[in-house]
Amino acid sequence: MRRLFLFAGLITFTLFFISCKKDAQINDDPSVHLILSTESILFDTVFSTVGSTTSMCYIKNPTDDKIVVSSIHLANGSESQYTMNVDGVPTQNISDVEIGPNDSIFIFVKVTVDPQNNNSPMVIRDSIIFELNGNVQDIDLTAWGQDAHYIVADKTLGSTLHYKIVAGENENITWTNDKPYLIYGYAVIDSTGNLNIEQGCRLHFYNNSGMWVYKGGSLKVNGTIDEPVTFQGSRLESGYKDLPGQWDRIWINEGSEDNVFNYAIIKNGFIGIQAETMNASMGNRLVIKNTVIKNMTGIGLLSRFYRIISGNCVFANCGGYAVALTTGGSYDFRHCTLGNYYSYSSRQTPSLLITNYYLAGAYTYTGDLDSAFFGNCIVYGSNTEELELDSVSDAAFQYKFENCVMKSTNYSADVNMVDCIFNQDVLFNNYNDNDYTLMPGSSAIDAGNIDLLNFPVMNLVLDIKGHNRTLNPPPDLGAYDYEP
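Below, the structure is looked at part by part.

Criteria and thresholds
Residues numbered from 1 in each chain as written. Predicted model: local features only at pLDDT ≥ 70, side-chain atom pairs only at ≥ 80, totals over all residues. Heavy atoms only, no water. Helix = DSSP H or I, 4+ residues; strand = E, 2+ residues; numbered from the N terminus. Contact = heavy atoms within 4.5 Å. Areas by Shrake-Rupley, 256 points an atom, 1.4 Å probe, with all protein chains shown as cover. Buried < 20%, exposed > 50% of the residue type's maximum accessible area, 1.4 Å probe, protein only. Polar contact = N/O pair within 3.5 Å; in protein donor to acceptor, adjacent residues only side chain to side chain. Pairing = 2+ DSSP bridges. Axes fitted to C-alpha atoms, helices over the stretch in contact; angles between N-to-C directions. Phe/Tyr/Trp six-rings, centres within 6.5 Å; stacked < 30°, edge-to-face > 60°. Lys NZ or Arg CZ within 6 Å of the ring centre and 35° of its normal. Salt bridge = Lys/Arg side-chain N within 4 Å of Asp/Glu carboxyl O. Core = buried A, V, L, I, M, F, W, Y, C linked by side-chain atoms within 4.5 Å.

Remarks on the overall build of the protein
Next up, step 1: In terms of regular secondary structure, the protein is built from one helix and 45 strands.
Next up, step 2: Principal axes of the C-alpha set define a box for the protein whose edges measure 100 × 60 × 55 Å.
Next up, step 3: Counting only contacts in the protein whose residues sit at least 6 apart along the sequence, the fraction spanning at least 24 positions is 65%.
Next up, step 4: Surface summary for the protein: the accessible area is close to 21800 Å², and the carbon and sulfur share equals 49%.

Here we look at the side chain of N253
Next up, step 1: Residue position: N253 is located in the loop between β22 (250-252) and β23 (259-262).
Next up, step 2: The exposure class assigned to N253 is buried, which follows from its relative accessible area of 0%.
Next up, step 3: Here E276 takes part through its backbone oxygen, which lies 3.4 Å from a polar atom of the side chain of N253.
Next up, step 4: Setting aside anything within four residues of it in sequence, one finds N253 in contact with W212, V213, Y214, K215, N259, E276, M278, N284 and Y306.

Section: the sheet that holds strand β2 (residues 40-47)
Next up, step 1: As summarised here, the arrangement of the five strands in space is β2-β10-β9-β4-β7, forming an open sheet in which the pairing is mixed. Each of the sheet's edge strands pairs with one partner strand only, and the pair in question is β2 and β7 (93-99). Between one strand and the next, the sheet's axes are offset by a mean angle of 20 degrees, whatever the strand orientation.
Next up, step 2: The pairing of strand β4 (residues 67-74) with β7 spans six bridges and is classified as antiparallel. Residue pairing across strands places H73 opposite N93, the latter belonging to β7.

A look at the side chain of T355
Next up, step 1: Inspection of the secondary structure puts T355 in strand β32 (residues 352-355).
Next up, step 2: Within the local environment of T355, its side chain forms a polar contact with the backbone nitrogen of T327, the two atoms lying 3.4 Å apart.
Next up, step 3: Those residues in contact with T355, other than ones at most four positions away along the chain, are L325, T326, T327, G328, D390 and F397.

Some words on the packing of aromatic side chains
Next up, step 1: One pass over the structure, following the stated rule, counts 20 aromatic pairs.
Next up, step 2: Pairing F43 with Y82 gives two aromatic rings, centres 5.8 Å apart and planes at 50 degrees, and the pair type is tilted. Taken together, the residues span a long stretch of sequence, with F43 in strand β2 and Y82 in strand β5 (residues 82-86) at a distance of 39 residues. Of the two residues, F43 and Y82, both sit in the buried class.
Next up, step 3: Summarising the aromatic geometry, the rings of W175 and Y181 are spaced 4.4 Å apart at their centres and angled 10 degrees between planes, so their arrangement reads as stacked. Take W175 and Y181: they sit in the same class, and that class is buried.
Next up, step 4: Here the aromatic cluster, defined as three or more aromatic residues joined through ring pairs, consists of F315, F333, F374, F397, Y399 and F401.
Next up, step 5: The ring of Y358 has R304 lying over it, and the distance from NZ or CZ to the ring centre is 3.9 Å.

Considerations on the sheet that holds strand β24 (residues 264-267)
Next up, step 1: In spatial order, the strands read β11-β15-β18-β21-β24-β27-β29-β31-β36-β39-β41; together these 11 strands make up an open sheet with parallel pairing. Edge positions in the open sheet fall to β11 (149-152) and β41 (421-422), since each of these has one partner strand only.
Next up, step 2: Judged from the three bridges that link them, strand β15 (residues 181-184) and strand β18 (residues 202-205) form a sheet pairing that is parallel. Looking at β18, one finds that L182 is bridged to H204.

Considering the pairing of strand β10 (residues 135-146)
Next up, step 1: Both β2 and β10 contribute to a ladder of six bridges, which runs parallel. If you follow V46 over to β10, its bridge partner there is G145.
Next up, step 2: Relative to β10, strand β9 (residues 122-132) is paired through 11 bridges, and the arrangement is antiparallel. Among the inter-strand pairings, D126 is bridged to a residue of β10, identified as L141.
Next up, step 3: Counting the residues in the hairpin turn of β9 and β10 gives two residues, including N133, whose phi is positive at 50 degrees.

Section: the pattern of salt bridges
When the charged atoms of two side chains with opposite charge come close together, those side chains can pair.
Next up, step 1: In the structure shown here, the tally under the stated rule is 13 salt bridges.
Next up, step 2: Put simply, D258 and R285 hold a salt bridge, and the shortest N to O gap is 3.0 Å. Placement of the pair is D258 in the loop between β22 and β23 and R285 in the loop between β25 (271-276) and β26 (286-289), with a sequence separation of 27 residues.
Next up, step 3: The structure contains a network of salt bridges with shared partners spanning D154, K155 and K164.

Some words on the pairing of strand β38 (residues 397-402)
Walk down a regular strand and you will see the side chains alternate between the two sheet faces.
Next up, step 1: Pairing of strand β35 (residues 369-375) with β38 involves five bridges; the strand directions are parallel. By the bridge assignment, F373 is partnered in β38 with K400.
Next up, step 2: Relative to strand β40 (residues 417-418), β38 runs parallel, the two sharing two bridges. Bridged to E402 within β40 is V418.

Focus on the nonpolar core
The nonpolar side chains of a soluble globular protein tend to be buried with one another.
Next up, step 1: If you look at the biggest cluster of nonpolar residues, it comprises 62 residues, and the most contacted ones within it are F231, F261 and F401.
Next up, step 2: Setting aside chain neighbours within four positions, we find F401 in contact with L352, I354, F374, L387, L389, M406, N416, M417, V418 and C420.
Next up, step 3: One finds I41, C57, V111 and I139 within the second-largest nonpolar core, a separate group that totals 30 residues.

Below you can see the structure in the form of structure tokens.
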């Protein structure tokens, strides 16, 4: 019983001590200033009506006492194009924010740009104002905003494919370089429709969006060496510059005339170009010249029973194949660079796949590979084997490699490899930065056949940068002629 009384007395004393302890003192000294994690927050270019990524900052109480920040607000108030979240509270103006001794609170900031119908980037400025004990501090906010042509899906195919027709039947539409094109869903070129994309145009695709050239339609991409046409995701912040998987693909079916890409940059999607015959070939080709396809989570160029001509092109850094030519078809690739050093995941496939069949579940589709020619090309990467040739016996399988350098252990004795070089380092300048120009000592220098410059529908005397290959023959392999 005595122990019980002693225990009860101890509890009573402890409760009395706690009840008499004063709350932490509030420091109202005018000399106290907040510690700001930064003086300014900079947002890269963002599109009108599309929110930016979220940036974070924090403010810290430098004292051993509690402080009360009398106001945290955006300088432009309700007119601000910025939004913020203060310690979990969405707000534009919050009062009497308590911060414990030597503690911090976090502030998250986003910006959304209002359309201004202005082709030039706009500068959007504001600041977060902090008022403490009569002192005023601030963090500056700066963003560049860009207006755009908005292509927004207004139709649905099935339950998942949302699209908008940008060139209808018998329409001949031209997109000019007045401001970027921002595409939500699929931009569709319908049967007998034609879309011409002029030099310097910038096409930005929202997540899972893309472009579809339906059977009988036609797409002409008319970039130049100084003003290429760019296909990429909708995020313009620096962290998205080379991030794969931001949009879906360019999907091309059989057409009434050639689909052409000249001086294009296609990057950061799932599949760069998927060229696929849905029913039967209509005699057209896909012509790709002076074009770079890079940073795809899946495949750079995927073909299913198509006819493709490609010259002075780079297919690089893809999570799957850089180029996959399947289910037969007809192909001619010259002075192309396939360089696959994908680093976002472990790549299990080679850079180049060629087959005369395609597996779809339990069914196997086959098609004659009438011709697959690679001349003066580079097929290289980080895997031990960067080439796969696979065929079934009930369809033709005709291929030839001439004056190519390849990383391969399986095909060096193949009779269809003519004057090819195997497993001698190409020495790219900086493949981590997608620079596939050649360094001194590259096995690709002076290894080409000048007769292969005579190429249908394009002139290969000049390389992708405009350098004349005939000035110092024989030509070098790949899209880039070596420049000392």
